[in-house]
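The primary structure of each chain is shown beneath.
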Amino acid sequence: MTKQDISEIKKLFTPRNCSITRICGCYVDGEKNKKAELKQAFLALPEEEMFKYFEILRKVLSGTLGKNLLTLDFPLALEMAGMTAPEKGSSKISPDAAAEGGPLSDTSESDGSLSDTAVTDSSLPDTAATDDSLPDTAESGSILPHAALPDAAGPDAPSNTHEFLMRLKDSKLKDEALLEEYYDRIIENYEYVGNYLILIVHDVYDVPGRTTDGIDMDDASDEIYEYILSCICPVELSKPGLSYDAEENTFHNRNRDWVVSLPETGFLFPAFNDRGTDIHSVLYYSKNPEELREAFVEQLLGCPLPMSAESQKETFQSLIEDTLGEDCGIEMVKNIHDRFTELAEEHKEAPEPVVLDKNEVKTILADSGVANEKLSEFDRHYDETAGENASLLMSNVMNTRSFEVKTPDVVIKVSPDRTDLIETRTIDGRECLVIALDGSILVNGIAVRTVSENEEDEE
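This report concerns the structure included in the present document. (Residues numbered from 1 in each chain as written. Predicted model: local features only at pLDDT ≥ 70, side-chain atom pairs only at ≥ 80, totals over all residues. Heavy atoms only, no water.)

Notes on the overall build of the chain
Operational definition: A run of DSSP states H or I qualifies as a helix once it reaches four residues; a run of E qualifies as a strand once it reaches two. Both are numbered from the N-terminal end. Burial here depends on accessible area, computed with a 1.4 Å probe over protein chains only, as a share of the maximum for the residue type. Under 20% is buried, over 50% is exposed, and the range in between is partly exposed. The Shrake-Rupley method, run with a 1.4 Å probe, gives the accessible areas here. Residue values count only the displayed protein chains as cover.
Across its full length, the chain holds 13 helices and 25 strands. Buried positions account for 46% of the 459 residues belonging to the chain. Carbon and sulfur atoms make up 46% of the accessible area of the chain, which totals about 23600 Å².

Spelled out as structure tokens, the structure:
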């Protein structure tokens, strides 16, 4: 999915554009027990609660492409095993009317109920307060295009994840047995210390036609995008503090509520690619790009994950060091950085991040002046370090907005278009980094003068 695709779906999460038919959820405690469930027509929610849910849903579609928002492809084996739905381009289907849902039901024998997304339960401290409305969400703390991925998920991944997600979507969240199985899969595989809320919504989006100059034509729709969006939100006690009592005109210790925080993880299925349904892919969100929860994703979605952003960066750095060997000097690294900067400028209007395979990385090194004898070993180093079929996201492996030189005691950052200001020289037998002092100079915010400026004043 591209930024434009994601933005189009995010715009649906407003009262004016909303077409969500149904919302369901399950509140789980720290012991992996189901405490309460909700099933309701989304448009029947009070407006205040609807806004809170919109905030949560939009968060699942927020982040950095290739870091905490990832487009994952389903392995071919999964789709062949149980694919029953039509592919993109099939005949248009009719949107379902908003489903009427029952009230919130308690699934625990002795605990309280979940009121929308504010949670109370008899096992919680006496200070926990009940609230009929959704409390303010807690303060909140990458999309890899379809990269080359293996045709099979991990050895422990269930074989029917794609078929299960298709059935869940097609049920429009009205099949209680399917919902219970979905909750059970998450509870069994999601490792989290504390309480959390599983949310899932169903929506049918009548995709408007669009002119060549980007203007939407609401009366020219030729496709329906039906999807489910799900997320897992921590449920935490609000912070202790003082609150103002208007009746007594004084301050008291505030009752602590159980508050639904913004999501830790979530997904959109099927993906929305080229303004249409793509049942072969899913958009996955992780609040922390370095904790992608690989085992959980394989069990729930059946999709293998690419390397995290930080892992890609470390892999690329090791690849450069191993390939260049003794030739890995400041000037050579500067040349490689300059070439990446040029590529970033060439693709700055591209809708998707730039993905580099082995041959493209090799070409960049050759264009940067790496000797042929060094490049002869590149393929072996790449296969050993990254993997033969691995792809790297350019924005993950190189920061083209800054050029940085770091020693144990000094850090120097230079604008990428002025790397020519830095050079190495041997002075008095020591290798030194020389920076040309052009223009005004500030030291701790104080304007200072150079020796040459003082000499000019004396003359």
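A word on the packing of helix H9 (residues 358-367) against helix H11 (residues 378-385)
Two numbers describe a pair of packed helices, the interaxial angle and the distance between the axes. Let me state the cut-off plainly: Axis definition: a line fitted to C-alpha atoms, over the contacting stretch in the case of helices. Angles run 0 to 180 degrees between N-to-C directions. Oblique is the label for any angle not covered by the other classes, which are roughly parallel (under 35 degrees), roughly antiparallel (over 145) and roughly perpendicular (65 to 115). Take the far helix as the reference: if the near one is turned anticlockwise from it by less than a right angle, the crossing is left-handed, and if turned clockwise, right-handed. Contacts are assigned to residue pairs with any non-hydrogen atoms lying within 4.5 Å of each other. Charged means Asp, Glu, Lys or Arg here, nonpolar means Ala, Val, Leu, Ile, Met, Phe, Trp, Tyr, Cys or Pro, and polar covers whatever is left, Gly included.
Across the interface, H9 lies against H11 with an axial gap of 11 Å and an inter-helix angle of 130°. Of the possible angle classes, the one that applies to H9 and H11 is oblique. Here the hand of the crossing between H9 and H11 comes out right-handed. Side by side, H9 and H11 meet where Lys358, Val361, Lys362 and Leu365 of the first sit next to Phe378, Asp379, Tyr382 and Asp383 of the second. When grouped by side-chain class, the residues that make up the contact of H9 with H11 number four nonpolar, no polar and four charged.

Here's the deal with unusual backbone geometry
Each neighbour pair has its own omega, and for Phe269 with Pro270 the value is -10°, a cis peptide bond. Along the chain, Pro270 turns up in the loop between strand E14 (265-269) and strand E15 (271-273). In this model, Asn249 sits at a positive phi of 55°, which is unusual for a non-glycine residue. Structurally, Asn249 is set in the loop between strand E11 (242-245) and strand E12 (250-253).

Focus: helix H5 (residues 176-189)
The condition is simple: Helices are assigned an expected span. That span is 1.5 Å times one less than the residue count. The definition of a polar contact used here is a pair of N or O atoms within 3.5 Å, where within protein one atom must be able to donate a hydrogen and the other to accept one, and adjacent residues in sequence count solely through side-chain atom pairs.
Taking 1.5 Å per residue, 14 residues should reach 20 Å; H5 reaches 20 Å between its end C-alpha atoms and fits that length. Within the span of H5, buried status applies to Leu178, Leu179, Tyr182, Tyr183, Arg185, Ile186 and Ile187. For H5, the side-chain oxygen to backbone nitrogen distance between the N-cap and Ala177 is 3.0 Å, and the N-cap itself is Asp175.

Some remarks on H9
Note the threshold: By arc we mean the arc of the directions from the helix axis to the C-beta atoms, nothing more.
All buried positions along H9 are accounted for by Lys358, Val361, Ile364 and Leu365. Seen from one end, H9 has its buried residues packed into an arc of 125°, which puts them on one side. One side-chain oxygen at the N-terminal end of H9 lies 3.2 Å from the backbone nitrogen of Asn359; it belongs to Asp357. Note on H9: the residue one or two positions beyond its end, Gly369, has a positive phi of about 100°.

Quick look at the packing of aromatic side chains
Quick reminder of the rule: Aromatic rings from Phe, Tyr and Trp, with only the six-membered ring used for Trp, were paired whenever their centres fell within 6.5 Å, and each pair was classed as stacked if the ring planes differed by under 30 degrees, edge-to-face if by over 60, and tilted otherwise. By the criterion adopted, a ring carries a charge over it if an Arg CZ or a Lys NZ lies within 6 Å of its centre and within 35 degrees of its normal.
Inspection of the entire model under this criterion finds 15 aromatic pairs. On the numbers, 6.4 Å between centres and 90° between planes, the contact of Phe51 with Phe54 is edge-to-face. Remark: Phe54 and Phe51 occur in helix H2 (residues 47-60); sequence separation between them is three residues, near one turn of the helix. Classification of Phe54 by relative accessible area gives buried; the value is 1%. In textbook terms, an aromatic cluster arises when at least three aromatic residues are bridged by ring pairs, as seen for Phe42, Phe51, Tyr53 and Phe54. For Arg185, the ring lying beneath its charged end belongs to Phe164, and the centroid distance is 3.9 Å.

Some remarks on the nonpolar core
Test applied: The nonpolar core is taken to be a set of buried Ala, Val, Leu, Ile, Met, Phe, Trp, Tyr and Cys residues, with the residues joined through side-chain atoms within 4.5 Å.
Ranked by size, the top nonpolar core spans 40 residues in total, and within it Ile9, Phe13, Phe42, Leu199 and Leu229 carry the most contacts. Beyond its immediate stretch of four places on either side in the chain, Leu229 contacts Phe13, Leu57, Val60, Leu61, Leu199, Ile200, Val201, Phe267 and Leu268. Ranked by size, the runner-up nonpolar core spans 35 residues in total, among them Cys24, Leu179, Tyr196 and Ile228.

Some points on a nonpolar patch on the surface
Rules: In this analysis, a patch consists of residues with relative accessible area above 30% that form no salt bridge, clustered at 9 Å for like charges and at 5 Å for the nonpolar side chains Val, Leu, Ile, Met, Phe, Trp and Tyr. What counts as a salt bridge is simple: a side-chain nitrogen of Lys or Arg found within 4 Å of a carboxyl oxygen of Asp or Glu.
A surface patch of nonpolar side chains, amounting to about 310 Å² of accessible area, comprises Ile330, Leu433, Ile435 and Leu437. The topology assignment puts Ile330 in helix H8 (residues 330-346). Overall, the relative accessible area of 31% leaves Ile330 in the partly exposed class.

Concerning the pattern of salt bridges
Counted according to the given criterion, the structure contains 23 salt bridges. Notably, a salt bridge pairs Glu331 with Lys334, separated by 3.4 Å at the nearest N-O pair. Taken together, the residues Glu331 and Lys334, both in helix H8 and three residues apart, mark about one turn of the helix. The partner of Glu342 in a salt bridge is Arg339, and the shortest N-O contact between them spans 3.0 Å.

A closer look at the side chain of Lys34
Tracing the chain through its elements places Lys34 in strand E2 (residues 34-41). Side-chain polar atoms of Lys34 contact the side chain of Glu180, separated by 2.5 Å.

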